[in-house]
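So the chains spell out like this:
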Amino acid sequence: MNTAVAKQEEKSPKVTYNVAGQDITLTYKIIRDYLTKGNGQVSDQDLMQFMSICKFNQLNPFLNEAYLIKFGSQPAQMIVSKEALMKRAEANDKYEGIRAGLILLREGKIAEVEGAFYLKDDEILGAWAEVYRTDRKFPIVAKVPLSEYDKKQSTWNEKRATMITKVAKVQALRDAFPAQLGAMFTSEEQGVVDIEAEEITTARKTISTEVITQEEPTEEIPVTEQQTEELDFNAL
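Engineer: What's the story with the overall build of the protein in this structure? I'm lost.
Structural biologist: The number of helices and strands found in the protein is 10 helices and nine strands. In the protein, which comprises 236 residues, the proportion classed as buried is 36%. Considering only contacts in the protein between residues 6 or more positions apart, those separated by 24 or more positions represent 52%. In the form shown here, the protein has an accessible surface area of approximately 15,600 Å², with 50% of it arising from carbon and sulfur atoms.

Spelled out as C-alpha cells, the structure:
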C-alpha cells in the first residue's frame, strides 16, 4: 500500500457503536468500498454525514439497513430500508401499530382499501397509512399519490401496489416519530432505481446486441443431388 494513502487512512475518522449486541465500526474506506453503490465519488462530507446518522440512529449498514448511492456529479443519497424504520418505531414504547392500503379508482368512485390487493379493473391512484401512538388521540395519517413516485422503472413496473404502499407507511412513520426517523428516507421515496436490476438489464441488452451483430456466412453451401433426393418427400 502507498505510504501516503496509508497515512491518510490512519487520519480518517472512525466510529464504533453497538447495535443489538454487535459492535459496528465504520471508516471512510469501509463505506467507500462496501457501503456505496453507483459510479460516483462520494465526498468526505457525505461519508461523515453517513457515519453520524448511522451511529445516532443505531443502524447496521452491513445488514443493508443503510447505504450510500452516488451517480456521476449528482448529490449523494443516503438510503435507509423500511425494515430499519419499522424496527426503530417498534422500539418506541409509544408505538401502537400501523394500518396501510391503496387508494383506488373503482367503478368511477375513489375507494380506500386496506392492504396491497386490488382488482383487475381498478386504477391505482395512491396509498394511505395510519400510525397509532398511545399518547395521541388520533392516528398520524399519510396519503401519497402514485404519480409522484412511479418512475416506470425496475420494481415499480412489477409491484406498483406494494411500492406505493411502502412509501405511505414510511411517511406516516416519520411523521409519527420525527425525532427518531426525521432524517432517514427509503429508496422508494428517493426515486432510486434498483441498481442490480439495471445492471442485469444492461447485460442482457449487451448480449442481445452481440448475437445480432455476429457475421453471417456469405459463402453459399452447394446442395448435392443426393441431398436433394433425400429431402424429396414425394418420393417416399
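Picking up where we left off.
Engineer: I'm lost on the side chain of Gln171 in this one. Help?
Structural biologist: Of note, Gln171 is situated in helix 6 (residues 160–176). Engagement of the side chain of Gln171 in a polar contact is seen with the side chain of Tyr149, the distance being 2.6 Å.

Engineer: Before we go on, may I ask you to explain the sheet that holds strand 5 (residues 77–80) in this structure?
Structural biologist: One open sheet holds the three strands; their spatial order is 3-4-5, and the pairing between them is mixed. Sheet topology places strand 3 (36–37) and strand 5 at the edges, where each strand pairs with a single neighbour. Here four bridges tie strand 4 (residues 66–69) to strand 5, and the two strands are oriented antiparallel to one another. Among the inter-strand pairings, Leu68 is bridged to a residue of strand 5, identified as Met78. Helix-sheet contacts for helix 3 (residues 44–56) involve strand 4 and strand 5, and the interaxial angle to strand 4 is about 165 degrees.

Engineer: Would you take a moment to explain unusual backbone geometry for this structure?
Structural biologist: Glycine aside, residues mostly have negative phi, and peptide bonds are mostly found in the trans state. With phi around 55 degrees, Ala20 is a residue other than glycine that occupies positive phi space. If you trace the backbone, Ala20 turns up in the loop between strand 1 (14–19) and strand 2 (22–27).

Engineer: Explanation requested: the confidence of the model for the protein in the structure shown.
Structural biologist: Should pLDDT be low for a region, the predicted coordinates there are not to be read in detail. Scored by pLDDT, the protein comes out at a mean of 80, with 76% of its residues at no less than 70. Counting interchain partners and residues more than four positions distant, the pLDDT-below-50 stretch residues 194–221 has eight contacts. This model gives residues 223–236 a pLDDT under 50, and the stretch forms two contacts once residues within four places in sequence are excluded.

Engineer: Looking at this structure, I do not really get the packing of helix 4 (residues 82–91) against helix 6. What am I missing?
Structural biologist: Any two packed helices are characterised by the angle at which their axes cross and by the distance between the axes. Closest axis-to-axis distance for the helix 4/helix 6 pair is 10 Å, and the angle between their directions is 35 degrees. The two elements helix 4 and helix 6 cross, and the hand of that crossing is left-handed. Along the contact surface, helix 4 presents Lys82, Leu85, Met86 and Ala89, while helix 6 presents Lys166, Val170 and Leu173. A breakdown of the residues in the contact of helix 4 with helix 6 according to their chemical character gives five nonpolar, no polar and two charged.

Engineer: Would you take a moment to explain the pairing of strand 4 for this structure?
Structural biologist: A regular strand places its side chains so that they alternate between the two faces of the sheet. Here strand 4 shows two buried faces, one formed by Ala66 and Leu68 and the other by Tyr67 and Ile69. Relative to strand 4, strand 3 is paired through two bridges, and the arrangement is parallel. Across the sheet, Thr36 pairs through a bridge with Leu68, a residue of strand 4. The parallel pair strand 3 and strand 4, bridged by helix 3, forms a crossover whose chirality is left-handed.

What counts as what
Residues numbered from 1 in each chain as written. Predicted model: local features only at pLDDT ≥ 70, side-chain atom pairs only at ≥ 80, totals over all residues. Heavy atoms only, no water. Helix = DSSP H or I, 4+ residues; strand = E, 2+ residues; numbered from the N terminus. Buried < 20%, exposed > 50% of the residue type's maximum accessible area, 1.4 Å probe, protein only. Contact = heavy atoms within 4.5 Å. Areas by Shrake-Rupley, 256 points an atom, 1.4 Å probe, with all protein chains shown as cover. Polar contact = N/O pair within 3.5 Å; in protein donor to acceptor, adjacent residues only side chain to side chain. Pairing = 2+ DSSP bridges. Axes fitted to C-alpha atoms, helices over the stretch in contact; angles between N-to-C directions. pLDDT = per-residue confidence, 0-100. Left-handed = near helix turned anticlockwise from the far one by under 90°. Nonpolar A, V, L, I, M, F, W, Y, C, P; charged D, E, K, R; others polar. Right-handed = clockwise from strand over helix to strand, strands pointing away.

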